[in-house]
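Structural description and commentary
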Amino acid sequence: SQIENFRRSLREELRELREQPIDPQAEQEIIDSIEEVYFSNDSFDMVQHELEKLPPELNLQELEEYRDKLKRQQAAVSKKVADLILEKQPAYVKELERVTALQTNLQLAAVICTNARRQLSVAKEGFTEASLGLLANQRRRQLLTGLLKSLRTIKTLVKLTHMEEDYPGAIQLCLECQKASTSRLIEMIIPLFLFPPFPLTLALFPSLSSAYFWLQEQLDVALSKTCKHFDVSHYTKVQLAYTLLGKTQTAMDQLHMHFTQAIHNTVFQVVLGYVELCAGNADTKFQKMQYKDLCTHITPDSYIPCLTDLCKALWEVMLSYHHTMQWHEEHDKQETTPTPGKGFTCSLAVDHSYVKKKLEHGLTRIWQDVQLKVKAYILGTDMSNFKYDDFIVVLDVISRLMQVGEEFCGSKSEVLQESIKRQSVNYFKNYHRARLEELRMFLENETWELCPVKSNFNIAQLHEFKFMGQCRSPSVSPSRQAASSSSSAQEELSLFQQYQREGNPFEMHMEHKEEETEDVLASNGYESDELEKSVYQDYDSDSDVPEELKQDYVDEQTGDAPLKSVPRETMRTKKKSDYNLNKTNAPILTNTTLNVIRLVGKYMQMMNILKPIAFDVIHCVSQLFDYYLYAVYTFFGRNDMYESSGLGLISSRLRTTLNRIQESLIDMEAVGENAGVHGPAEDRKEKVPSPHLSQLVVLTNSGTLYGLAQRVVATESLVFLAEQFESLQSHLDTMMPAAKKPFLQQFYSQTVSTASELRKPIYWIVAAKAIDYEQMLLMMAGVKWDIREIMSQHNVYVDVLLKEFEQFNKRLGEVSRHVRIPLPVSNVLWEHCIRLANRTLVEGYANVKKCSNEGRALMQLDFQQFLMKLEKLTDLRPIPDKEFVETYIKAYYLTENDMEQFIKNHREYSMKQLANLVNVCLGSHINKKARQKLLAAIDDIDRPKR
């Protein structure tokens, strides 16, 4: 084909080019002109490269010239390669000859090695084995000859060859050998003294006396081993050995020294291990440190594991001492008799009195050493920044250690109490300050939405209150209760009895933490799907009302759900004022309330573990409640119209409480421009800035009854919090020191009990704005009261007012669809609205300029119509301030003398209202002088508002 012909002609041209003579310099220039890319790597595609270089428009002449250039370059490279091959050919031939010679030499060496091995095998069989065998037999003969001479002495050792740690036997054997053997015989016997744990060691001693002292040293080592791991059989052998030596008292002295040394070595090794582990290097500087300095290098992450291991190790030492005392008590009851199977008797009686006193004195001494070691560890680290759960674990471990100390020697562990108290006070101050700031943040971001919890919610269900054994949750299963009862029965045993064989008391808190579970939140505020469907059904039908809702009424005084179900008749009669029926009677609380309750539980845990700081903790608990109460009052209850209302909304006790909280807890200067200038810094450090209501909470919208839902959630969550504090009072009282109990009583009587009193000022704002009382005054001013005939139809303003109440009732129902309105709350709202309406009526009547007897009758008709229609809207009985209006209307009929007495007895009316009675009612019946006398009597009377 044409391609084959082209290739053939190309190869011939290249061959001709290579065969043509060429100047070396010109050849080198051709090679240098080759592009660098051709020398890059083996995968380079030169054809592709050249094709990519072609211009868009091809020129035959240029292509042929470029092709000739490439041919010349290829021919030059081929010729250069051929020349290099020819140049290196002699060296290649020479190296190939050397390789061939080396192969021949290696084959010769292999033959020489094979012959050498064959000859060495022949020499081994003919000389070495035979000669060495003769020498070994000769040595064995000499040893057997020496052994034969010592058979009688060896006979006394036969019975000991299979015993382990038989210290009494070893000592008695040495005593027998001292009497019956010469020093030369002893030197022959010693190498055969092979029974454990003395293998071959006695062979090092030149005489039996040295072996005797060495045995005493081994006995002391064996005694020291009992300090960490007590073994009855081991300790029995050691004591019997000391009895043979006549050194029982010395043994007691040595034992206490070993216990002291064991405590030091144990704690040092435990702490050193953690320090080196956390340091992460092989630096030996820690090993040379004192224990107290070493404790300062413990990191926060390893603090609790190290403390736990430290207490576990110290427990093992104290448990060994406890077993030691038990051993001596049991053996003191028995007579010292020869042990069966032993060939010797104890010739020395144990000084029981000395041993007993020494052991009893050692209890306090050892526990003191333990306290000092743990104290150094506790104070070696600043725990003020520990997490709460970690600090509680530390307190729990130390509390358990103090319990061990009390059972060990009856000590109150003053050293430990003082050290942990120092750390606790320091920690708790920082912790409480942070929690107050956190509470302020929660309150300022709280939107006062309902936190859905189950209807049977109880603080005992929160794991923060699990430590309170008497607070049993109704949802605890019988199996869990049985387990708790069995564990309480086990608690009656001492720790040394519980963990005598195995286990450790410092592993318990880990197991307990795994059991902490709680389930208090409800799904969307409902207990079940069926209940969610039923809440919107008509509650007039008994069959349609779920059992939970039939029990949904609360006590009017306390707001608590009754223990027994409410009769159905009562249910029907209560429906007008009770807005609970569309929700289960679950507690009203917010996420912030739940956080405060959990925080109280944490504080009580700390107080329960560490009694000495109980007062400080309870004081901080009271501050949590104070701040929550003050925040609710500041957000929803503060209003300048209280005093002018004349309703006495804030009691003197509540006002005193609010003033006390503001002075002692609230930093009023924090928001001012000169903050930090006024007042000592230390005093301000103990205070918290006043919280601010979240901008997401709108209290000015009339459509939501001026934030009634948020007001209900806030106020009733405070009431619920107060109820929880009431339930904890007895528990707190048992923890409070006797000298500080008046503080707790005052806190409950003057602060906790005032929580429900905040309902009046908070809900009064809603009642004051929900109904347009000013419109009613304007309409009353347009009524003509000086009529001359008895009217049978009431005035229009009564219908308008009743319409306002109906609209108010409707809005309450709408709010209750989102937030349950308890009966006490609805009663307070209705009471405020009715009282304001009645006082508006009196104020309207007091604005009358002229009034006839028929006009007074019309007033009574209007008021009776108002009462009759109002009683259909509410179940509140009696109607608030009913007498206030009726008495004022009846006062129009009084004579001059009766009016003077009326003015003195009825100070609840304003001066304007009383003056109107004098001017309008008696104006035409008395002279000017009598009128001035009555008006002067009104001016002279000081009228405190009711």
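Quantities reported herein were computed from a predicted structural model and do not represent experimental measurements. Residue positions are given per chain, counting from 1 as you read along its sequence in written order. With the structure being a predicted model, the display of local features is reserved for residues of pLDDT at least 70 and the display and counting of side-chain atom pairs for 80 or more, all residues being used for whole-chain, interface and lining totals. Heavy atoms throughout the structure, all of them, feed into the side-chain values; hydrogens and water do not.

**Considerations on the overall build of the protein**
For the record, the criterion: Strands are runs of DSSP state E lasting at least two residues, helices are runs of H or I lasting at least four, and both sets are numbered from the N terminus onward. Note on exposure labels: buried denotes an accessible area under 20% of the residue type's maximum, exposed denotes more than 50%, and partly exposed covers the range between, all computed with a 1.4 Å probe on protein chains only. For every accessible area listed, the method is Shrake-Rupley and the probe measures 1.4 Å; residues are considered covered only by the protein chains on display.
When helices and strands are counted, the protein shows 37 helices and two strands. Counting over 946 residues, the protein shows a buried share of 42%. Of the roughly 52,500 Å² of accessible surface on the protein, a fraction of 52% belongs to carbon and sulfur atoms.

**Comments concerning a nonpolar patch on the surface**
Under the convention used in this document: Nonpolar side chains (Val, Leu, Ile, Met, Phe, Trp, Tyr) are joined into patches within 5 Å and like charges within 9 Å, using only residues with over 30% relative accessible area and no salt bridge. Think of a salt bridge as a Lys or Arg side-chain nitrogen and an Asp or Glu carboxyl oxygen that are within 4 Å of each other.
Residues Met46, Val47, Leu51, Leu54, Leu58 and Leu63 make up a contiguous nonpolar surface patch of about 540 Å² in total accessible area. When residues in the nonpolar patch are grouped by element, the largest group, three residues, is from helix α3 (residues 46–53). Secondary-structure assignment places leucine 51 in helix α3.

**Structural notes on the packing of aromatic side chains**
The line we're drawing: Stacked, edge-to-face and tilted are the three classes for Phe, Tyr and Trp ring pairs, Trp counted by its six-membered ring, which pair at centre distances within 6.5 Å; planes under 30 degrees apart are stacked, over 60 edge-to-face, the rest tilted.
This model, assessed by the stated rule, comprises 30 aromatic pairs. Taking 6.0 Å as the distance between ring centres and 25° as the angle between the ring planes, the aromatic pair formed by phenylalanine 902 and tyrosine 909 counts as stacked. Across this residue pair, the class does not change: phenylalanine 902 and tyrosine 909 are buried. Through a chain of ring-to-ring contacts, the aromatic side chains of Tyr388, Phe391, Tyr427, Phe428, Tyr431 and Tyr603 assemble into a single cluster.

**Some words on the packing of helix α23 (residues 614–637) against helix α25 (residues 652–664)**
Using the following cut-off: All axes are obtained by fitting lines to C-alpha atoms, using only the stretch in contact for helices, and the reported angles, taken between N-to-C directions, cover 0 to 180 degrees. The scheme is simple: roughly parallel for angles under 35 degrees, roughly antiparallel for over 145, roughly perpendicular for 65 to 115, oblique for anything else. Crossing chirality is assigned from the near helix's rotation relative to the far helix, an anticlockwise turn below a right angle marking it left-handed and a clockwise turn marking it right-handed. Any two residues whose heavy atoms approach within 4.5 Å are treated as being in contact.
Two elements in contact, α23 and α25, have axes separated by 10 Å at closest approach and are oriented at 110°. As the angle between them shows, α23 and α25 are arranged roughly perpendicular. Remark: the crossing between α23 and α25 carries left-handed chirality. On α25, the residues touching Asp626, Leu629, Tyr630 and Tyr633 of α23 are Leu658, Arg660, Ile661 and Gln662.

**Some points on helix α35 (residues 896–905)**
What counts, and what does not: An arc is given here, and it is the one of the directions from the helix axis to the C-beta atoms.
Of all the residues in α35, the buried ones are Met899, Phe902 and Ile903. Viewed end-on, α35 has its buried residues packed into an arc of 100°, placing them on one side of the element. Check the buried side of α35 and you find it contacts α34 (882–890), α36 (911–921) and α37 (928–940).

**Describing the pattern of salt bridges**
Here the structure, examined in full by the defined rule, presents 19 salt bridges. Among the salt bridges present, the one from arginine 98 reaches glutamate 95, with a minimum N-O distance of 3.5 Å. Residue arginine 98 and its partner glutamate 95 are located together in helix α4 (residues 60–149), separated by three residues, close to a single helical turn. Looking at arginine 98, the relative accessible area reads 55%, which means it is exposed. Where arginine 440 meets glutamate 444, a salt bridge forms, and the shortest distance between an N and an O atom there is 3.4 Å.

**Let's talk about the side chain of serine 411**
Threshold: Under this definition, polar contacts are N or O atom pairs within 3.5 Å; protein pairs additionally need one hydrogen-donor-capable and one acceptor-capable atom, and for neighbouring residues in sequence, both atoms have to be side-chain atoms.
Along the chain, serine 411 turns up in the loop between α14 (388–409) and α15 (414–445). Of the polar contacts made by the side chain of serine 411, one reaches the side chain of tryptophan 367; its length is 3.3 Å. Engagement of the side chain of serine 411 in a polar contact is seen with the backbone nitrogen of serine 413, the distance being 3.0 Å.

**A word on a negative patch on the surface**
The following threshold applies: When charges are counted, Lys and Arg are positive and Asp and Glu negative, with His and the chain ends excluded. For the purpose of locating charges, the reference atoms are NZ of Lys, CZ of Arg, CG of Asp and CD of Glu.
A surface patch of like charges, here negative, comprises Glu329, Glu330, Asp332 and Glu360. Position of aspartate 332 relative to the elements: it lies in helix α12 (residues 300–332). Residue classification places aspartate 332 among the partly exposed residues on the basis of a relative accessible area of 33%.

**Quick word on the nonpolar core**
Defined as follows: Take the buried Ala, Val, Leu, Ile, Met, Phe, Trp, Tyr and Cys residues and link them wherever side-chain atoms come within 4.5 Å; each set so joined is a nonpolar core.
Of all hydrophobic cores here, the largest spans 216 residues; its most connected members are Phe805, Tyr845 and Phe866. A per-element tally of this core places α23 first, with 16 residues. Look past the residues within four positions of tyrosine 845 in its chain and what remains in contact with it is Met780, Trp785, Tyr797, Met859, Asp862, Val885, Tyr888, Ile889, Tyr892 and Asn916.

**Re the confidence of the model for the protein**
One rule of thumb: low pLDDT means the predicted coordinates there are not for detailed reading. In plain terms, the rule: For every residue, the predictor reports its confidence as pLDDT, a number between 0 and 100.
For the protein, the average pLDDT comes to 78, and 75% of its residues sit at 70 or higher. A low-confidence stretch, residues 157–163 (pLDDT under 50), is modelled with 11 contacts involving residues beyond four sequence positions or located in other chains. Residue range residues 339–350 is modelled with pLDDT below 50. Its contacts to residues more than four positions away, or to other chains, number 20 contacts.

**Observations concerning the side chain of threonine 593**
Within the secondary structure, threonine 593 sits in helix α22 (residues 591–609). Not counting the four nearest positions on each side in its chain, threonine 593 is found in contact with Tyr628, Ser717 and Leu721.

**Quick notes on α34**
Of the positions making up α34, those classed as buried are Phe884, Val885, Tyr888 and Ile889. Taken end-on, α34 shows its buried residues confined to a sector of 125°, consistent with a single buried face. Next to the buried residues of α34 lie α32 (823–846), α33 (853–873) and α36.

**Here's the deal with the packing of helix α9 (residues 232–245) against helix α10 (residues 248–279)**
What counts here: Residue polarity is assigned by list, with Asp, Glu, Lys and Arg as charged and Ala, Val, Leu, Ile, Met, Phe, Trp, Tyr, Cys and Pro as nonpolar; anything else, Gly included, falls into the polar class.
Running from N to C, α9 and α10 point in directions that differ by 135°, and their axes come no closer than 8 Å. On the basis of their axis angle, the class for α9 and α10 is oblique. Residues Tyr235, Gln239, Tyr242 and Thr243 of α9 form the contact with α10, whose own contacting residues are Thr248, Ala251, Met252 and Leu255. In terms of residue class, the contact of α9 with α10 is built from five nonpolar, three polar and no charged.

**A look at unusual backbone geometry**
A cis amide bond links arginine 877 to the next residue, proline 878, at an omega of -5°. By the element assignment, proline 878 lies in the loop between α33 and α34. For serine 413, which is not a glycine, the phi torsion comes out positive at approximately 55°. Of note in the backbone geometry, leucine 705 takes a positive phi value of approximately 55° without being a glycine. Considering the arrangement of structural elements, one finds leucine 705 in the loop between β2 (688–689) and α27 (708–735).

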